[in-house]
Structures are given as C-alpha cells and as structure tokens.
Amino acid sequence: MSPASRSFFLPGIFALIAPLAFGADAPVAFTKDKVGKLAPNRYSTPTNQILTPAGIQVELPGMRPQAIAISPDGRLLVTSGKTAELVVLDAKTGAILQRVAFPGKLPPPESTVAELEKPAETAGTQTKPDTGAQLSFTGLIFSPDGQRIFLSNVNGDIKVFTVEKTGKVAPLKTLSLPDAKAPKRKQAIPAGLAMSRDGRLLYVALNLANKLAEIDTATDMVTRTWEVGVAPFDVALAEGKAYVSNWGGRRPGKGDLTGPAGRGTVVRVDAVRSIASEGSVSVIDLKTGAVGREILVELHASALAASPDEKHVVVANAGSDTLSVIETKTDKLVEKIWAREPAGLFGAMPNALTFDKTGKWIMVCNATQNAVGLIKFDPAGDVGSKLLGLIPVGWFPGAVAFDAAHKQICVANIKGIGSTKRFKPGEKVKYNSKDYFGTLSLVPVPSEKDLGVENALALANMRHPVIQAASLPPRDGQPAKPVPERVGEPSIFKHVLYIIKENRTYDQILGDMKAGNGDASLTLFGEKVTPNQHKLSRDFVLLDNTYCSGIQSADGHQWTDSAISTDYVERQHAGWPRSYPNLKTDDSMDALAYSPAGFIWDNAIAHKVTLRNYGEACVSESGWADKSKKGKPAWKDYLGDLTDETNLTAIRCKPGIETMRPFSKLDTVGWDLNVPDVIRAAEFIKELKQFEKKGEMPQLMIMALPNDHTGGAKAGVPKPAAQVADNDLAFGRIVEAISHSAFWKDTCIFAIEDDPQNGADHVSGYRTTAYVASAYTKRGKVIGTQYNNTSLVRTIELMLGMPPMNTMDASATPMSDCFTDTADLTPFTSVPNQTPLTTLNPEPKQIADKQLRKDAILSAKLPLSEPDKCNEDVLNRILWRAVKGTSVPYPAWAVSKVEDDD
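Note that this is a predicted model, so its numbers are computed, not measured.

Calculation rules
- Residues numbered from 1 in each chain as written.
- Predicted model: local features only at pLDDT ≥ 70, side-chain atom pairs only at ≥ 80, totals over all residues.
- Heavy atoms only, no water.
- Helix = DSSP H or I, 4+ residues; strand = E, 2+ residues; numbered from the N terminus.
- Rg over C-alpha atoms; globule rule 2.2 N^0.38 Å.
- Buried < 20%, exposed > 50% of the residue type's maximum accessible area, 1.4 Å probe, protein only.
- Contact = heavy atoms within 4.5 Å.
- Areas by Shrake-Rupley, 256 points an atom, 1.4 Å probe, with all protein chains shown as cover.
- Lys, Arg positive; Asp, Glu negative; His and termini not counted.
- Charge placed at Lys NZ, Arg CZ, Asp CG, Glu CD.
- Phe/Tyr/Trp six-rings, centres within 6.5 Å; stacked < 30°, edge-to-face > 60°.
- Lys NZ or Arg CZ within 6 Å of the ring centre and 35° of its normal.
- Salt bridge = Lys/Arg side-chain N within 4 Å of Asp/Glu carboxyl O.
- Axes fitted to C-alpha atoms, helices over the stretch in contact; angles between N-to-C directions.
- Parallel < 35°, antiparallel > 145°, perpendicular 65-115°, else oblique.
- Left-handed = near helix turned anticlockwise from the far one by under 90°.
- 1 Å grid on protein atoms, 1.4 Å probe; cavity = no way out; pocket = protein on both sides within 12 Å on 5 of 7 lines; lining within 4 Å.
- Points joined across faces, edges and corners; volume = space filled by probe spheres on them.
- Nonpolar A, V, L, I, M, F, W, Y, C, P; charged D, E, K, R; others polar.
- Pairing = 2+ DSSP bridges.

(A) The arrangement of the overall build of the protein chain in detail. Helices and strands together make up the secondary structure of the protein chain, namely 17 helices and 46 strands. The C-alpha atoms of the protein chain give 27 Å as radius of gyration, which agrees with the globular expectation for 902 residues (29 Å, within 12%). Taking the principal axes of its C-alpha atoms as reference, the protein chain extends roughly 75 × 70 × 65 Å. Out of the 902 residues in the protein chain, the part that is buried amounts to 63%. Counted over contacts in the protein chain with a minimum sequence separation of 6, partners at least 24 positions apart contribute 65%. Carbon together with sulfur atoms contributes 53% to the accessible area of the protein chain, which is approximately 32200 Å² in total. Of the side-chain charges in the protein chain, 102 are positive and 102 negative, and the distance between the mean point of each set is 3 Å.

Pasting the structure below:
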C-alpha cells in the first residue's frame, strides 16, 4: 500500500478520537469494533490500538519472532521465535524459502514446499526434532562470511546452521555453554550475540549467569568469561572492546535494597515501589581481558548497536523510553535521545535498534507504540540526535535489521497481529489466546514526505490525541459525575472495589445470555453454575465486547495491575526461562518484570488515595491453625471451618511485593485453590462491617478472587463446576454486602478476568467477562463498547483522582457509558448456589466412563496447584468433558470465520 493510499485512513481515525482530544466538553467517542481484523491490513488490538503496518507483511502463524538477521550478501533474511525452527526468507520479497529445524539428536529430512506453506503448528513433527528448544530473549547473527548462522536458545545452548553457496540453510550443531549456577536453574540463558570480524570468536551474553562468554568457533570451546551486571541482554563490539547491556544494572552490593529477579537471583530495587531501579553497560577490553567501567544508563538497558565507524555504541533503555549514547574513545555518556516526547508518559519501550550503512540514521523498535522510529544520529551536532518520525509496523516490534541492498527496514513483530489466525473463506476458525501470529514487516526507507504520512498514522493508531488529552488540567465548577472527564474533577464515587478473577472467556460464562453476543454451545459454566454473574449482568450492565489485554497470568496480571506489559515480560514468552511473573507465588515475583511506571497501588499511594489489598500480589501461607500439624488442609477442611466454625485451619499470606505490606490484609489469601473463595468473601465482609462501625472505608480496594480458574478432575478436589460456583457465590455475596452497607451510595465495584486462556470464544481469543455494579450503574442494559483491562484501570483512576500511569491507561476508553447520573439505591441480593460446593471429584476407580477415568488419572499428575503450569489444551479438554460429558464434542473449531485479504 502506497503512502498516498495509506493516508486514506487518517480522516476516519482522527474523526473517531478527536472529540475527546480536542473538544473537552464533547462526548467520548466509543467504538463498538470487535478485536481482530477490521479490514485488509487493519487490525484492532485489545490494548486500545489499531495496526496498519507499512510495507510487506510476512505472516508467521504459530510464532513470536524475537530476533532477525540479514546475510552479509543481502540475499537471506532469517528469524526465529517460540517454535523450534529457523525461518529463512528472501530478503527482498519476504517469501519464505525454508523452515529449518533446530539441530537435534535426530535431524529430519528437509521439509517439502507444501509443508513450509502450512502454519507452524500443523507442519508436522519432522520440522521440529528439538521440541523443547525455543528462542531466547534475543540473539541471531550470521558469521562475517555468511556461511554460518548462530542462534541463542532459551534451553541453554547455541544452535548453529550452515549456509551453502546456493543459499540453502541446514542445521549443523549445538554449542554447549557453562552452567548458569543460579539458585533455581542450572541451564544458561544465552541472549545477545556478537562475532569478531574474522569470525573466529563468538561472544554470548549469559543472561542468568551475569557473565559474558567468549567461544572459539574453531574448537567450539568457551575460552574466556567475564563478570558483568544483572541479566545481561546484548553485546556489541567496538574499538577492541565488548559492550554488554545489563537489563538489571549493577550487581547489588552490601546494604543495597534488593528484590527478586528470577530463579533465585536478585536485583537492585527502589525503596518506594520495589521495582528494578537500574540499567547499565559493562565494558570489557578484549585484548587485555580487563573488565573496565560499568556505565550507568537508564532502566531496562536492552539492545545495543555500534555505529559503523565504531565511535559510538547506543543502548536502548526500554524502561525509560530513551537511548543512551556512549563514546567509545572515553566510554562516557555523551547524549540521551528520547524515543518519544520527553514530557510524555511512559510507553514507547524502545527495545531493539540498528544503524543504517552510513551511520547517520538509527532505526529503533518502539514496542508499545507498534512503530519503528527514525532517528537522525548527530551526537556532536548543535541540535544533537533527534527522532524525526514513526513508521507503523506490527504489534510489539522486538527486532530490527537494516537491509542496505534493498534499502528497507526489516522488523520482527513479536505479537504480530495477536492471537488470531488467517483462513480461507468457509474454513472454520479455532480461537484461543495462545494462537500466536507473529509477523515481519519489510518497510522501504521512506522519504521525508512519506515519513510525515506514516508518522501521522502511527500517532493516530496509538490514540495519541487521547493520550495528550489525559493530561489536561481539571476545570473549576464541574458537577460530580460517576466518571469525570478529567483527572481531578469530582466523582460521585468515593470508594472502588477492584476484583481480579482468573482465566475465563465470555462464552464460557455468559454465552447463554440471549441479550448479548454469545454462543451458548461454548458455554461451560452457564446460569446454573454462575447465577450471580448472570444476575449482575441482568440487573446492571452486560458487557459483551470486553477483552483481556494479556493472554495468560504472567502478562495478564501486569495488565490488570499496571495497565501495561514490559519488554521483559513479552520476551519471556520464549519459555519463561527466568520467571513466570504472575504475582501469585514466591517464584513468580520478579522486579524486572514490573512496569517502571508502577502499579495501580503505587499510583494510589503516590496520590494519597487510601488503599486496602485482599490477596493480589500476595503469596499464600495458609495451612493448619496448629502449625505443628503435618500435611496441608484440603478444600473440604477449609470449607468445613467456614460452615462449622471448627477453627482447624488458618488463612494467611505474605506480600510478594514489599510495597504492599502496610496495605494488605495478611489474614486472607490470594492464589491458593485449596481455599474457597467464599472464605475470601467472608473475610472481606467481616472487615466491611468494621469499616461501617468506623464510618470510613479505604478509597481503593483490590481483591484477588481466583477460584474460577478450577483444578481439573483430580480426585478429592472440587469438581470444576463446584469451584466456579464457589467463585460466583463469593462474588455475589461481596456485591450484596456492599450494596446493603452505608457505602453503597458512593462505591463502585469492578471485576474482570486477568486472562481468558482456559476456554473458547466465538468472537476472539481475548474476549472475557467483566462486571460493573453500583448505585449509578445503568440497569438492564447491554453495553457493546469495546473495553479491556486498561479501561477498568483508567475508569478507576478517574473516579479516584489519579492520573494515568502510562500511555496504555491514558489511551483507554473510560467506561462512562456504563453509568447514569441518577442513583438507583436498590441493593443487590445474591443468589444461592445451585451446584454444591462440597461436590468433589471421585477416585478414578469409581468412574465408569473410560475417558473420564483417564482424565482423573492425568489430573492427578498435572501441576494444577501451580498457576498455568500444565498444558492449556489438555486442561481445557478435561474441563469440557468434566462439565459436558464425553458425548458432546470438544469445540476444537469455533463457528466464526475470518476471510483472507484476497
């Protein structure tokens, strides 16, 4: 599509968002578009953004491409990510030439052309002999002579491929690396790669070991290693030195405040928010072997690029939206380049960069802006280096290479076009949040005029006017509204309860509600199991176009709590080698994963909004009241304590993030599927009564209500329907209690899932359930406005007078159309559960159905007590059969279709 034709999009985009941005008194422009493909080369994401990628788009279904490289002769382009294969393309056209399996113990025959054209997940096992291997954070290069390709593998080694004169690529061998020797992981995590000019020496950033390694490519032996900073990401060579970027900055010293950094390691954190507080670059003299100075840069120091003349090395600071320029002669910082407007909110997230052949231009992937920035590089000039414009690409660009031969920018878009697929007309679609669909963008270097068009599109796609409008000052004399238009204007609401649930799609729960856009055939836990959620949706508003911004708990809880997902989290999808940062267990707490702009509770604390937390980001320490008693209580023990007041068990927790300690109720619990949600509800209601006696209640209350996640068919644990019924009853009782309290008139309750991964949906793999209940919520209305996790966060911020934390919540659509200015104080009355909470899964020997017996046996072996550890499809099939029986076919194929561009 030419820039002239692409400019056609501009009037429509600006017409949609201009009323909010430029007319403060005008109504908010709501969109009812569904997430997904809207038109050829136009997509809606569940993060408030539109995608209109420039240039050639190469579709990579099943992949999350995280690295990219161009052969020295400019013929080949290679990429890899998530799947255990190297994809080889024609650099000029983007045509896929090969899918080459990783070197493994049983190298397969080469794939046929027919197989190569299939999506990766259906190409057959012969393309994937090394099934456990997946791309690491970064690291993919050609040797200087173009005859070898080296790829970092998250499982602890380097994959090597040969390149024949014909351009054919083949797997060659695997290079071993030293053990990481981290407290909770032995394998190394190789990341960035660099190679000496003669191709004899390969340099590898060992991300978990905090080292740089040198490998002799003639012997495949590690010849030297050096100590560097925390979580080294990339390495660049210049002037006889190696420069290593450290995601987590300097290693902590004695007396430094630290937080977890994955696999038992630690990182320096700030005292206010417990978030990783440094980035740095280590400098090593390769001739003498001496480790030189460690240069402090900014947060999440990630990709590096050396200028062609080697006079400068530039580091992308993904956590600060800046680039730091190091002069190699002095190893001093000489310039800071902003990847966005300096006065703007966090949210450009520059995480990959490269120079053009002349060294006059830098191309940087601004991941959260879904764009590549063009920077005029002139650190010694009067004006200095400057970002001149943005080019729209795919979702979350994470690697970039400059193709000098064809004068184009090659970009790997990690999330591509999201969790979706492309199908021919009439072909059925399988919707699931794990339907990865990465893309490559091959973009001709634009002229100055064309860059203006592309920049305008990029700004419109990210709702830039809306982001700017979010910082407008409050106006005097504004009447109190449920959702103020500007931060600081009065709200009717004084208190908000924000409930975070687990892992359900819209169709799974509310697909049987005829008023909404549901598919009852996909409903697992309908009204008989979830009567309260159905009643809430009828009594108040039914939200049938609301989405999760993330796809699983690791990124889902980042979106629910901070309205953004960082470069560190997005890259960890390559096997979660450092941590699975879902904020539920000790091992899931990782200060490197947290947004540098903070969580919603940090926002509240900073703006003196009173806060109370019920289990979110807390680690369960629940057990027997008598701590000397062996074993752990089961579901029935906790439930018996609630109903019979036996006091044999005790629920307790500790904050996973130290910031939360003063604000968390430590005699309740977050993630612990043995503890019924009705107990969490009872603890909240007990404290609510105390608030009533005092006549005051915290302004922001956050609650984890996780049991709709369920625990499969394991004997002795609740049946899935019982666990979802427990979650539903707890939710209903909480709303009932607040609606009958003195705080009902000025309290709003929001609830949403953290992710939708454990089910099917006929609209989108991202679509989920969400609820809004208050005296000012509309009654009996269906709301088809497109909302997502950031919409809830933004609405809460407006109600409580808190500014947005980053560009994602700033660009979110406030949920104003869920409310009316006239109060209806009618309280909500919860509905008794129809599914007994004491209904437990039987022992396998008691099950007559052969398949259900197998499900029970398998469930006993699955790590269902840990968040998201078992195979999602396996669990989903077990849940389906547990509820529907074995006679109803599993909905492996949903009913919607998405037509191809042609």
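(B) Layout of the packing of aromatic side chains. Enumeration according to the criterion identifies 18 aromatic pairs in this entry. When the centroid spacing of 6.4 Å and the interplanar angle of 70 degrees are considered together, the rings of Phe540 and Trp744 count as edge-to-face. Here Phe540, found in the loop between helix 7 (531–539) and strand 35 (541–543), pairs with Trp744, found in the loop between helix 13 (720–739) and strand 43 (747–753); they are 204 residues apart in sequence, far enough to count as distant. Relative to Tyr890, the ring of Trp880 lies with its centre 6.1 Å away and its plane at 90 degrees, an arrangement referred to as edge-to-face. Taken together, the residues Trp880 in helix 17 (residues 872–884) and Tyr890 in the segment after helix 17 connect sequence positions 10 residues apart. Overall, Trp880 belongs to the buried group, its relative accessible area being 5%. Ring pairs connect the aromatic residues Phe137, Phe233, Trp247 and Tyr568, which therefore count as one cluster. In this structure, Lys629 packs its charged tip against the face of Trp624, placed 3.7 Å from the ring centre.

(C) A look at the pattern of salt bridges. Under the criterion given, the structure shown has 39 salt bridges. For Glu298, the salt bridge goes to Lys336, with nearest N and O atoms at 3.9 Å. Remark: Lys336 occurs in strand 26 (residues 332–338) and Glu298 occurs in the loop between strand 22 (291–296) and strand 23 (301–306); sequence separation between them is 38 residues. Overall, Glu298 belongs to the partly exposed group, its relative accessible area being 23%. Here Lys336 falls in the partly exposed class, since its relative accessible area comes to 44%. Asp824 is the partner of Arg779 in a salt bridge, and the nearest nitrogen-oxygen pair spans 3.7 Å. One end of the pair, Arg779, is in the loop between strand 44 (770–774) and strand 45 (781–783); the other, Asp824, is in the loop between helix 15 (807–810) and helix 16 (850–861), and 45 residues separate them in sequence. The exposure class of Arg779 is partly exposed, given its relative accessible area of 27%.

(D) Summary view of the packing of helix 16 against helix 17. At their nearest, the axes of helix 16 and helix 17 sit 10 Å apart, and the two run at 135 degrees to each other. Classified by the angle between their axes, helix 16 and helix 17 sit oblique to one another. As helix 16 runs across helix 17, the sense of the crossing is left-handed. Contacts from Gln851, Leu852, Asp855, Leu858 and Ser859 of helix 16 reach helix 17 at Val874, Ile878, Arg881 and Ala882.

(E) Empty space enclosed by the protein, seen in detail. As enumerated under the stated definition, the model contains 5 cavities of 30 Å³ or more in all. When its volume is computed, the largest cavity comes out at roughly 80 Å³. Looking at the lining of the largest cavity residue by residue, the classes come out as 6 nonpolar, 3 polar and 4 charged.

(F) Inspection of the pairing of strand 21 (residues 280–285) at higher detail. Among the 6 residues of strand 21, 5 are classified as buried, and the element is accordingly described as predominantly covered. Hairpin geometry of strand 21 and strand 22 is characterised by an intervening segment of 5 residues between the two adjacent antiparallel strands and by a positive phi of about 80 degrees at Gly289.

(G) Fine view of unusual backbone geometry. With a phi close to 75 degrees, Asn503 is a non-glycine residue in the positive phi region. Along the chain, Asn503 turns up in the loop between strand 34 (495–501) and helix 6 (506–510). For Asn647, which is not glycine, the phi torsion reads 60 degrees and is therefore positive. Mapped onto the elements of the fold, Asn647 is located in the loop between helix 11 (635–644) and strand 40 (649–650). Look at Asn647 and you get exposed, because its relative accessible area is 59%.

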